[in-house]
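Given next are the chains, with one letter for each unit.
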Amino acid sequence: MTTTPPLHGLDTFALTIRQAVSSAIDVKIDLISLERPRQESLGEFALPCFRFAKQAKLAPPALASKLADELAIENVNCEAVGPFLNFRIDANSLARSIVTSAQNDNYAGDNQDLTTLVEFSSPNIAKPMHIGHMRTTVIGAALSRIYSHLGHDVKRINHLGDWGSQFGKLVAAWQRWGSEDKLNELPIAHLLELYVRYHEEEKNDKTLAVDAKKYFQQLESGEDNQTRATWKQFTALSLTEFDKVYARFGIEFDYVRGESWYEDQLDDMITWLDECGVTELSDGATIVNLEEQGIKTPSLVKTAHGTTLYATRDLAAAKSRWEEFKFDHSLYVVGAEQTLHFQQLKAVLSRCGVEWEKRMEHIPFGLIRLTEGKLSTREGRVIALVDVLNRSVELAAKSIEQKNPDLPNKETVAEQVGLGAIVFHDLKHQRQKDVVFDWKEVLSFEGDTGPYLQYTHARCCSILRRAEKDVPQLDDIDFSVLEGGRELWVAIGRLPQAVREAAAKREPMLIANALLKVAAAGNGFYRDNQVLGTNDDNLEKARLVAIDTLRKTLALGMKLLGVPTPQEM
RNA sequence: GCGCCCGUAGCUCAACUGGAUAGAGCACCUGACUACGGAUCAGGAGGUUGGGGGUUCGAAUCCUCCCGGGCGCACCA
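Scoring rules and cut-offs
Residues numbered from 1 in each chain as written. Chains lettered and ligands numbered in written order. Predicted model: local features only at pLDDT ≥ 70, side-chain atom pairs only at ≥ 80, totals over all residues. Heavy atoms only, no water. Pairing = 2+ DSSP bridges. Helix = DSSP H or I, 4+ residues; strand = E, 2+ residues; numbered from the N terminus. Near = heavy atom within 4 Å. Polar contact = N/O pair within 3.5 Å; in protein donor to acceptor, adjacent residues only side chain to side chain. Nonpolar A, V, L, I, M, F, W, Y, C, P; charged D, E, K, R; others polar. Phe/Tyr/Trp six-rings, centres within 6.5 Å; stacked < 30°, edge-to-face > 60°. Buried < 20%, exposed > 50% of the residue type's maximum accessible area, 1.4 Å probe, protein only. Lys NZ or Arg CZ within 6 Å of the ring centre and 35° of its normal. Domains from an automatic or database assignment. Contact = heavy atoms within 4.5 Å. Buried area = accessible area lost by both parts, 1.4 Å probe. Salt bridge = Lys/Arg side-chain N within 4 Å of Asp/Glu carboxyl O. Disulfide = S-S within 2.5 Å. Axes fitted to C-alpha atoms, helices over the stretch in contact; angles between N-to-C directions. Parallel < 35°, antiparallel > 145°, perpendicular 65-115°, else oblique.

> Can you walk me through the sheet that holds strand 4 (residues 115-119) in this structure?
One key point about sheets: their strands pair by backbone hydrogen bonds, in either a parallel or an antiparallel sense. With parallel pairing, five strands are arranged side by side in an open sheet as 6-5-4-10-11. This sheet does not close on itself; its edge strands, each paired only once, are strand 6 (255-256) and strand 11 (360-363). Sheet analysis places strand 5 (residues 153-158) next to strand 6, joined by two bridges and oriented parallel. Bridge pairing links Asn158 to Val256 in strand 6.

This is the structure in structure tokens:
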């Protein structure tokens, strides 16, 4: 897979500069990596000369100024500032190059021939989705789109929590206190009520736990019994609810496969582990010892009373996916609290001697906490995901009523803005960090927010709409008119690198930050450069193209993140 | 107790993975012309990067020891 990646945005300039420096100081081009100057005013690229000073037998500042004198790069001016060499791209070719590049539909894209699995969202059946599910859903969906844009064949997998002893408990509760009427009316709420009641009464009623175990064994038996029928009903009802949420986020899965989907592969999994010679018995349970892999806690694949566990199912899922997809990458967008589980998973497979285990990767993210403490479904410390969405949309609607009461499609736009705020807020932070859920902050529409991007996008659409003509062809415009937009062109030109880095680090935040810079520069641009009504056809044409390029770039980035792009708001 | 993650402006977060004077938003203060949308823009104030020590040309970033917070540590998922 050593095809050279396509050059987008500032890439062409970076490459030219690196080539020139490489031959000037006789250092392999791979070793020359450009950085960003401290201040944008210094230029677009910087090269710290410390690393090459020794070989050149010059002090870093001397080398920098020597290079500044010697280098002659077309359309690039270089200047030494102390030990740094700063490169500044000629304004005209910057504008021309970036606009041309960003107008391409595949801007920041690639055609990497890879198969990438992304497992994300994965809510539990019979429980409402809460804000804890938001991060995996939003991050997973964003990563999927990013890889897709880079040409990967992406398989989105929703690994529903639809199996396990909890369903024995739920069925036990259902048998005692369940109500068909309530179930039909508010399915998830009723199931949650049963779940909570089970845990309350379990302490005093020992027969509950006995029943729960019995029902789960019935479920696992594979027979077509009453327990299974009940479970199927719960699953279907839950999925209907989940799908409503996914539809609002604009997310589609390629495979909705719960843990139960791997049910008939579990025996084979245990057999396979036995054949690999990695299993042993411990207190009646079947385990895989991982001490040699540096993990003290063994992986438990079968309980003493013969039922399978989370680990068993995930092992089966991993193997099944390998056999089906022969993936290049298999990413698990799952909370950081499950780090040990994934280490164990990979370690077990490693002990079994499979090579593809290395292609599996846990993408952890910090958990969402409330100011009152950790989320707990049982203790009622939850915020339902739909509540967050609804409140945000409601607030967006209010805002529209205030700012733009004549807007057509108010409801649709309110939905787009409300969701955009939430999605962007989630993706703005580094994955790994815990976040404290704060209504005020999540529902903010000002400053570095989703609505800010949407607003900038809408302003562009507005100008283009008022122009009442098609966006001019590129070969028909005078780029010298756009020389003043340096900040904007640089911001747009840096998006492709942000996309590549976001993909490599599995960190959508990098795109979010790059987009904020584009929007900020864009707002400055149309403030300083009046587009319409200048009575200068040449000027208007070029600036229309500029606005269209800004609009297009924002739309691309927002699409990757999952932030809707209304044309008016 | 052991392992992993985190600690940066009053608050929420950045800082190109070792580079230049640590940057944004919120909140606070000041300002924006009958110009394409004020969900915007321009400016001000705000910092001993939790603390000590070390590595080197150079540290928020790397190593080490403390302090503080979070998560996890086999018959739940």
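> Is there a simple way to think about the protein's contact with RNA strand B in this case?
Around RNA strand B sit 70 residues, and of these Leu300, Tyr455, Arg459, Tyr526 and Arg527 come closest. Atoms of RNA strand B within 4 Å of the protein belong to the sugar or the phosphate in 58% of instances, the rest to bases. Contact distances for RNA strand B include 2.9 Å between a base nitrogen and a side-chain N or O atom of Asn86. At a separation of 2.9 Å, a sugar or linking oxygen of RNA strand B approaches a polar side-chain atom of Asp434. Ranked by residues supplied to the surface near RNA strand B, first place goes to helix 17 (residues 450-467) with seven residues. When its residues are assigned to classes, the surface near RNA strand B shows 27 nonpolar, 21 polar and 22 charged.

> Please explain the packing of aromatic side chains as it appears in this structure.
Any pair of aromatic rings gets described here by the distance separating the centres and the angle formed by the planes. A full pass over the atoms with the stated rule returns 14 aromatic pairs. Here Trp174 and Phe234 contribute two aromatic rings whose centre-to-centre distance is 5.5 Å and whose plane-to-plane angle is 90°, an arrangement assigned as edge-to-face. Of the two residues, Trp174 is situated in helix 6 (residues 165-177) and Phe234 in helix 10 (residues 226-249); the sequence distance between them amounts to 60 residues. Seen from their ring centres, Trp322 and Phe327 are 5.3 Å apart, and the 80° between their planes marks the pair as edge-to-face. Phe327 matches Trp322 in its accessibility class, with the two residues each being buried. If you follow Arg257 out to its NZ or CZ, it ends over the ring of Trp261, 3.7 Å from the centre. Arg494 extends its terminal NZ or CZ atom over the ring of Phe45, reaching a point 5.9 Å from the ring centre.

> Hey, could you run me through the domain arrangement of chain A in this one?
One frequently used descriptor of interface size is the decrease in accessible area upon assembly of the parts. Here the domain parsing of chain A yields domain 1 (10-89), domain 2 (120-258 + 315-374) and domain 3 (395-561). A C-alpha centroid distance of 32 Å is found between domain 1 and domain 3. Facing the eight residues of domain 1 at the interface are six residues of domain 3. Summed over both partners, the interface of domain 1 with domain 3 comes to about 730 Å²; 36% of that surface belongs to carbon and sulfur atoms. Connecting domain 1 to domain 3 are three salt bridges. Its salt-bridge partner being Arg500, residue Asp11 comes within 3.0 Å of it at the nearest N-O pair.

> Is there a simple way to explain the state of the cysteines in this structure?
Here a disulfide denotes one covalent bond, and it connects the sulfur atoms of two cysteines. For the structure on display, the rule yields zero disulfides. We note that Cys460 lacks a disulfide partner, and the nearest cysteine sulfur, in Cys461, lies 6.8 Å from it. Its relative accessible area of 7% is what places Cys461 among the buried residues.

> Got a minute to help me understand the packing of helix 9 (residues 206-220) against helix 10 in this structure?
When two helices pack together, you describe them by how their axes are tilted relative to each other and by the distance separating the axes. Helix 10 packs onto helix 9 with a crossing angle of 85° between their chain directions and a minimal axis gap of 8 Å. In this view, helix 9 runs roughly perpendicular relative to helix 10, as classed from their interaxial angle. From helix 9, Tyr215, Gln218 and Leu219 reach across to helix 10, where they touch Thr227, Arg228 and Trp231. When its residues are assigned to classes, the contact of helix 9 with helix 10 shows three nonpolar, two polar and one charged.

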